[in-house]
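Examination of the molecular architecture
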Amino acid sequence: MAGGSPARKLLPLVAPALIVGVGSSLLLILLSGIANRFQELLWDHLPDWLGIGAYSSAWIIIVLTAVGVATGFVVWKVPGHAGPDPATTGLVDPPLAPGVLPSLALAAVLTLAGGVSLGPENPIVAINIALTCWLGGRWIARVPTPVWLALAVSGTVGALFGTPVAAALIMSEVLASRPAPGALWDKLFAPLVAACAGAMTMQLVSHPQFAMPLPPYDSVRWVDLLSAMVVASVGAVAALAAVYLFPHLHRWFLVIPHPVPRLALGGLALGLLGVAGGKETLFKGLEQVRDLASHPDSYSAGRYAWMAVVKLAALAIASCAGFRGGRIFPAVFAGAALGFAAHALVDTVPVTLAVSCGVLGVLLAITRSGWISLFTAAILGGGTALLPMLGVALLPAWLLVTGRPEMELPAEEAA
């Protein structure tokens with residue numbers, strides 16, 4: 001029967017998808033756990049032993065510069081050289097050679113532990129893609145590489161966000177850019193199995209929480225439509241400034257051809273920015289957003305806006321200097337800080353709406369992914385009442401970013 005043919009093709013993929021999803025999640029948990037232990041050593045234990053303030057100006061500059069030097073040595077000396085120039089890579093790229101992965105994992109741990117303003121998403125997705133395509137191709141040769149790649153991406157994204165929805169949205173955009181015959185949900189079926197397995201593994205092992213401790217937005221007002229569009233558009237414009245600066249920063253850093261002094265300079269610049277922005281602007285940003293959300297009235301509008309500017313600058317510098325990491329989570333911090341600034345400036349703008357729309361606008365400019373921007377903004381706000389507002393706010397922000405340069409350079413511009 002013709003109707004049964006797709007099912008017969010999909011069912012054999014269930015077991016591989018489950019294995020890939022669980023494995024992708026466990027590798028993320030392992031990488032994050034190692035980075036967290038190293039972070040505690042650098043920022044808690046070591047300063048105590050030395051009698052130095054953990055987040056004093058001197059310690060922030062010392063640690064970030066040292067992490068830059070260490071990352072430079074990884075890029076220079078460790079086989080694989082931590083993969084390609086991160087300024088030329090995105091979230092979903094072709095598989096790397098397996099020999100690259102140890103150096104990439106080491107560079108990612110240094111980034112996450114050292115306070116660099118990048119997240120784990122790009123390195124862990126690249127690692128899981130490479131391992132899945134390499135091992136999967138040996139295990140079941142008849143499954144093509146693009147299928148293994150889709151399973152790895154979905155399993156990892158499901159684990160990163162703790163839900164398969166984010167993976168489905170990302171894969172729908174990937175599939176739209178690479179059209180192929182067949183029903184959309186047939187093509188999404190196996191990736192969704194991997195995403196569910198990755199998300200469930202993460203929920204059972206780590207219990208991630210993405211919703212912020214903000215008051216619920218449950219009373220929709222007409223005036224909030226204007227507020228939502230303005231905040232999202234301001235976030236998009238602010239992030240576009242970093243996007244336009246990106247290629248210039250990259251060229252400036254490439255003036256230093258050797259990775260050790262280049263990354264040392266990048267680490268020093270990040271340390272100075274960390275001193276200027278405060279400890280809240282260090283690290284990938286998700287935990288720091290949660291801290292700000294616990295006391296949203298702690299800072300002035302100017303202070304919040306300054307945090308957003310510092311975070312966007314740190315995000316651009318980190319990628320251009322050669323640190324290995326992703327841009328989604330620091331972009332979330334920058335957008336949230338802009339949202340807190342909007343609420344502090346005009347307190348009639350609901351703080352939850354402002355934060356979600358700020359995140360939406362910044363993510364649109366940084367990732368150029370409408371679905372992942374909308375999804376992330378919605379889960380941070382923690383309520384379905386935000387969705388109509390976010391949908392309206394997305395439209396003018398998208399008009400501002402569409403057709404503009406992206407925060408990803410052509411590979412030929414790599415060092």
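Look a little higher up for the structure.
Residues numbered from 1 in each chain as written. Predicted model: local features only at pLDDT ≥ 70, side-chain atom pairs only at ≥ 80, totals over all residues. Heavy atoms only, no water.

Turning to the pattern of salt bridges, a few remarks are in order. Counted under the stated rule, the structure contains 3 salt bridges. Two residues, Lys284 and Glu287, come together in a salt bridge whose shortest N-O distance is 3.9 Å. (Salt bridge = Lys/Arg side-chain N within 4 Å of Asp/Glu carboxyl O.)

This next bit is on the environment of Ala190. Mapped onto the elements, Ala190 comes out in helix H8 (residues 184-205). Along the primary structure Ala190 and Ser117 are separated by 73 residues, whereas in three dimensions their C-alpha atoms are 33 Å apart. Each residue touching Ala190, except ones within four places of it in the same chain, is listed here: Leu13, Ala17 and Leu151. (Helix = DSSP H or I, 4+ residues; strand = E, 2+ residues; numbered from the N terminus. Contact = heavy atoms within 4.5 Å.)

Nonpolar side chains in soluble globular proteins generally cluster together in the buried interior. Judged by nonpolar contacts, the single largest core of 134 residues is most densely connected at Phe323, Phe340 and Leu360. Those residues in contact with Leu360, other than ones at most four positions away along the chain, are Ala232, Ser373, Leu374, Ala377, Leu390, Ala393 and Leu394. Listed in part, the 5 residues of the second largest apolar core include Leu101, Ala126, Ile127 and Ala130. (Core = buried A, V, L, I, M, F, W, Y, C linked by side-chain atoms within 4.5 Å. Buried < 20%, exposed > 50% of the residue type's maximum accessible area, 1.4 Å probe, protein only.)

Before going further, it helps to examine helix H10 (residues 259-277). For H10, which comprises 19 residues, the first-to-last C-alpha distance of 26 Å matches the rise-based estimate of 27 Å (1.5 Å per residue) to within 8%. Residues of H10 that are buried: Pro259, Val260, Arg262, Leu263, Ala264, Gly266, Gly267, Leu270, Gly271, Leu273, Gly274 and Gly277. In the core, the buried residues of H10 are packed alongside helix H3 (57-77), helix H9 (222-254) and helix H12 (301-321). At the exit of H10 stands Gly278, carrying a positive phi of roughly 95 degrees. (Expected span 1.5 Å × (residues − 1).)

Attention now moves to a nonpolar patch on the surface. On the surface, a cluster of nonpolar side chains totalling about 470 Å² of accessible area is made up of Val22, Leu26, Met200, Leu204 and Val205. Those elements giving two or more residues to the nonpolar patch turn out to be helix H2 (14-50) and H8. Among the elements that take part in the nonpolar patch, H8 stands out by supplying 3 residues, more than any other. Residue placement: Leu204 occurs in helix H8. According to the relative accessible area criterion, Leu204 is exposed, its value standing at 63%. (Patch = residues over 30% accessible without salt bridge, like charges linked within 9 Å, V, L, I, M, F, W, Y side chains within 5 Å. Areas by Shrake-Rupley, 256 points an atom, 1.4 Å probe, with all protein chains shown as cover.)

Further remarks concern the side chain of Asp224. Take Asp224: it is sitting in helix H9. Here Asp224 is in contact with Tyr217, Ser219, Pro350, Leu353 and Met389, once residues within four sequence places are set aside.

Here H8 spans 31 Å end to end across 22 residues, near enough to the 32 Å set by a 1.5 Å rise per residue. Taking the largest bend as the criterion, H8 deviates by roughly 35 degrees, centred on Ala190, and proline Pro191 comes between one and four positions later. Following H8 by one or two positions, His207 adopts a phi angle in the positive range, close to 50 degrees. (Bend = angle between axes of the 7 residues up to and from the residue.)

This part is about the packing of aromatic side chains. The full count for this structure, using the stated rule, is 8 aromatic pairs. An angle of 75 degrees between the planes, with centres 5.9 Å apart, marks the rings of Phe161 and Phe375 as edge-to-face. Here Phe161, found in helix H6 (residues 145-161), pairs with Phe375, found in helix H15 (residues 370-381); they are 214 residues apart in sequence, far enough to count as distant. For the pair formed by Phe161 and Phe375, the shared burial category is buried. Among the aromatic residues, ring-to-ring pairing joins Trp43, Tyr55 and Phe283 into one connected group. (Phe/Tyr/Trp six-rings, centres within 6.5 Å; stacked < 30°, edge-to-face > 60°.)

On to the side chain of Ser25, then. Its location among the elements puts Ser25 in helix H2. Judged by relative accessible area, which is 0%, Ser25 ranks as buried. Within the structure, Ser25 has its side chain in polar contact with the backbone nitrogen of Met202 (distance 3.3 Å). Excluding its chain neighbours within four sequence positions, the residues that come into contact with Ser25 are Ala159, Gly198, Thr201 and Met202. (Polar contact = N/O pair within 3.5 Å; in protein donor to acceptor, adjacent residues only side chain to side chain.)

As a further point, take the packing of H6 against H8. Between H6 and H8, the least distance of the axes is 7 Å, while the angle of their chain directions is 30 degrees. Both H6 and H8 take part in a crossing whose hand is right-handed. Side by side, H6 and H8 meet where Ala150, Leu151, Ser154, Gly155, Gly158 and Ala159 of the first sit next to Ala190, Pro191, Ala194, Ala195, Gly198, Ala199 and Met202 of the second. Of the residues in the contact of H6 with H8, the class split is 9 nonpolar, 4 polar and no charged. (Axes fitted to C-alpha atoms, helices over the stretch in contact; angles between N-to-C directions. Left-handed = near helix turned anticlockwise from the far one by under 90°. Nonpolar A, V, L, I, M, F, W, Y, C, P; charged D, E, K, R; others polar.)

For the pair H3 and H10, the least separation of the axes is 7 Å and the interaxial angle reads 155 degrees. The angle between the axes of H3 and H10 places the two elements in the roughly antiparallel class. Remark: the crossing between H3 and H10 carries right-handed chirality. Residue-level contacts link Ser57, Ile60, Ile61, Leu64, Thr65, Gly68, Val69, Thr71, Gly72, Phe73, Val75 and Trp76 of H3 to Pro259, Val260, Leu263, Ala264, Gly267, Leu268, Leu270, Gly271, Leu272, Gly274 and Val275 of H10. Looking at the contact of H3 with H10 residue by residue, the classes come out as 15 nonpolar, 8 polar and no charged. (Parallel < 35°, antiparallel > 145°, perpendicular 65-115°, else oblique.)

A separate point is unusual backbone geometry. Residues other than glycine seldom take positive phi values, yet His81 does so here, at roughly 55 degrees. By secondary structure assignment, the location of His81 is in the loop between H3 and helix H4 (101-114). Residue class for His81 comes out partly exposed when judged on its relative accessible area of 40%. Although it is not a glycine, Phe283 sits at a positive phi angle of roughly 65 degrees. Considering the arrangement of structural elements, one finds Phe283 in the loop between H10 and helix H11 (286-294).

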